[in-house]
Amino acid sequence: QVQLVESGGGLVPSGGSLRLSCAASGRTFSSYAMGWFRQAPGKEREFVAAISWTGGSTSYADSVKGRFTISRDNAKNTVYLQMNSLKPEDTAVYYCAAAGPGGTMVALTTGRSRYWGQGSQVTVSS
């Protein structure tokens, strides 16, 4: 069983930056692809970014490419999402996801995740 706890959300002005963190429990964290998703009010949850278990491969939604960076520190069982040049349309609850046993980064980008965090609110003011 893996538990995921997000932190680092908050209120930031347009053009600002935030870094989200996702701390994972369990010794198998380092073997799982990890990702970030978000859900804005009245919208479906959407893929934001994913990273392979080694950290050597990443994938991003077109809407965040060049602005967001996903990274991981397997020694700390933590995955990060650095968000720069934030826009009001980035406002959402951000969720951390772990692919789980046998899961791949590619599958994770389609929302197929074994474990989910509770979410962290990010609000970007205009």
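Each remark here, short or long, concerns the structure printed above.
Residues numbered from 1 in each chain as written. Predicted model: local features only at pLDDT ≥ 70, side-chain atom pairs only at ≥ 80, totals over all residues. Heavy atoms only, no water.

A. Structural detail: the overall build of the protein. On a plain count of helices and strands, the protein comes out with 1 helix and 11 strands. Reading the secondary structure of the protein in the N-to-C direction produces β-β-β-β-β-β-β-β-β-α-β-β. In terms of overall dimensions, the protein is globule-like: its C-alpha atoms have a radius of gyration of 13 Å, near the 14 Å expected for 126 residues. Its C-alpha atoms put the protein at 40 × 25 × 25 Å along the principal axes. Split by element, the accessible area of the protein, about 6,300 Å² in all, is 48% carbon and sulfur. Looking at charge distribution, the protein has the averaged site of its 12 positive side-chain charges lying 7 Å from that of its 7 negative ones. (Helix = DSSP H or I, 4+ residues; strand = E, 2+ residues; numbered from the N terminus. Rg over C-alpha atoms; globule rule 2.2 N^0.38 Å. Areas by Shrake-Rupley, 256 points an atom, 1.4 Å probe, with all protein chains shown as cover. Lys, Arg positive; Asp, Glu negative; His and termini not counted. Charge placed at Lys NZ, Arg CZ, Asp CG, Glu CD.)

B. Representation of the state of the cysteines in the model. Considering all chains together, one arrives at 1 disulfide under this definition. Put simply, Cys22 and Cys96 are joined by a disulfide, and their sulfur atoms are 2.1 Å apart. The disulfide joining Cys22 to Cys96 has a torsion of about -80° about its S-S bond and is therefore left-handed. Residue Cys22 is located in strand β3 (residues 18-24), and its partner Cys96 is located in strand β9 (residues 92-98); the two are separated by 74 residues in the primary sequence. (Disulfide = S-S within 2.5 Å.)

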